[in-house]
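Residues per chain, in single letters:
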Amino acid sequence: MKPSDRKLGLAIQLFLMRNNMQIEDLARQMGITGDSLSNLIHGRRGFKNETLERLANTPALKEGGMSLTQLRALRAIDEYSFEEVVRAMMEYVKQGEIDRLPKDFFEQILSSMEQDSFPPTFANKKLALLSLLQKDHS
């Protein structure tokens, strides 16, 4: 399978490889064809909210721990520049949205950071992010 140049598509491909699954197997769980899922993975078609929900609700992704929130975040990376995402986050914080996050949100992020490896060249960025996340957010 040709690697996707889309972050969401590549994450799905890596998920399939790590779980020894074929694209057709995951597509079947979603109720679509393998060709349709391939078109989504490679960016020839866009992931709509409903499609992401169907993907997140497949037994494979539920068992593999890939959530709808994670899938939407990857889609956002494909659709917006890093600057746009950071500015959007800043606007959310200014509007008080940080207080509306689930109580265990930062613990979930910390846990995810420990599970997902950062490239060694970004170790200092990980430490800076960890120090922000470990502050009291109450």
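All figures in this text were calculated on a predicted structure; none of them were measured in a lab. The numbers attached to residues start from 1 for each chain and follow its sequence in the written order. Given that this is a predicted model, residues contribute local features only at a pLDDT of at least 70 and side-chain atom pairs are listed and counted only at 80 or more, while totals for whole chains, interfaces and linings are drawn from all residues. As a convention, hydrogens and water are excluded, and side-chain values are obtained from all of the structure's heavy atoms.

Caption draft 1: Region of the structure containing the overall build of the protein chain. Strands are runs of DSSP state E lasting at least two residues, helices are runs of H or I lasting at least four, and both sets are numbered from the N terminus onward. Check the secondary structure of the protein chain and you find 9 helices and 0 strands. Listing each helix as α and each strand as β along the protein chain from the N terminus yields α-α-α-α-α-α-α-α-α. Along the first, second and third principal axes, the C-alpha atoms of the protein chain reach 45 × 30 × 25 Å. The buried share of the protein chain, taken over its 138 residues, is 28%. Contact between two residues is taken to exist if any of their heavy atoms lie within 4.5 Å; hydrogens are not considered. Restricting to contacts in the protein chain with at least 6 residues of sequence separation, those with at least 24 account for 45%. Summed over all atoms, the accessible surface of the protein chain reaches about 10,000 Å², with 53% contributed by carbon and sulfur. A residue counts as positive if it is Lys or Arg and as negative if it is Asp or Glu; His and the chain ends are not included. In plain terms, the charge of a residue is placed at NZ if it is Lys, CZ if Arg, CG if Asp and CD if Glu. Here the protein chain holds 19 positive side-chain charges and 19 negative ones, and the gap between their average locations is 3 Å. Note on classification: 1.4 Å probe, protein chains only; a residue is buried when its accessible area is under 20% of the maximum for its type, exposed when over 50%, partly exposed between these limits. Throughout, the Shrake-Rupley method with a 1.4 Å probe supplies accessible areas, and for residues the shown protein chains are the sole cover considered.

Caption draft 2: Representation of the layout of surface pockets within the structure. Cavities and pockets are found on a 1 Å grid laid over the protein atoms alone: a cavity is a set of points where a 1.4 Å probe fits but cannot escape, a pocket is an open set with protein on both sides within 12 Å along at least five of seven lines, and a lining residue has an atom within 4 Å of such a point. Grid points are joined across faces, edges and corners, and a volume is the space filled by probe spheres set on the points. Size it by volume and the largest pocket reaches roughly 3,200 Å³. Within the residue set of the lining of the largest pocket, elements represented by two or more residues are α1 (7–18), α6 (68–79), α7 (82–94), α8 (105–115) and α9 (123–133). A per-element tally of the lining of the largest pocket places α6 first, with 9 residues. Classifying every residue of the lining of the largest pocket gives 28 nonpolar, 13 polar and 9 charged. Three classes are used: nonpolar for Ala, Val, Leu, Ile, Met, Phe, Trp, Tyr, Cys and Pro, charged for Asp, Glu, Lys and Arg, and polar for all others, with Gly counted as polar.

Caption draft 3: Quick look at the side chain of Thr-51. Along the chain, Thr-51 turns up in helix α4 (residues 49–56). Taking the relative accessible area as the measure of exposure, Thr-51 reaches 16% and is therefore buried. Those residues in contact with Thr-51 that sit more than four places away from it in its chain are Met-30 and Leu-40.

Caption draft 4: Summary view of unusual backbone geometry. In this model, Asn-20 sits at a positive phi of 50°, which is unusual for a non-glycine residue. Within the fold, Asn-20 resides in the loop between α1 and α2 (23–30). For Asn-20, a relative accessible area of 72% translates into the label exposed.

Caption draft 5: Summary view of the packing of α4 against α6. Here the axes come from fitting lines to C-alpha atoms, over the contacting stretch only for helices, and the angles between their N-to-C directions go from 0 to 180 degrees. In the contact formed by α4 and α6, the axes pass within 9 Å of each other and the chain directions differ by 135°. In terms of orientation, α4 and α6 fall into the oblique class. In the packing of α4 onto α6, the handedness of the crossing is right-handed. Contacts between α4 and α6 pair Asn-49, Leu-52, Glu-53, Leu-55 and Ala-56 from the former with Leu-68, Leu-71, Arg-72 and Arg-75 from the latter. Taken together, the residues of the contact of α4 with α6 break down into 5 nonpolar, 1 polar and 3 charged. Angle categories are assigned with fixed cut-offs, so that under 35 degrees is roughly parallel, over 145 is roughly antiparallel, 65 to 115 is roughly perpendicular, and the rest are oblique. By definition, turning the near helix anticlockwise from the far helix through less than a right angle yields a left-handed crossing, and turning it clockwise yields a right-handed one.

Caption draft 6: Here's a closer look at the nonpolar core. In this text, buried Ala, Val, Leu, Ile, Met, Phe, Trp, Tyr and Cys residues form a nonpolar core when linked through side-chain atoms within 4.5 Å. Core analysis: the biggest nonpolar cluster contains 22 residues, and Ile-12, Leu-26, Leu-37, Leu-55, Leu-61 and Leu-71 have the highest contact counts within it. For this core, the secondary structure elements donating two or more residues are α1, α2, α3 (34–41), α4, α5 (59–64) and α6. When residues in this core are grouped by element, the largest group, 5 residues, is from α1. Residues contacting Ile-12, with those up to four places away along its chain left out, are Leu-26, Ile-41, Phe-47 and Leu-55.

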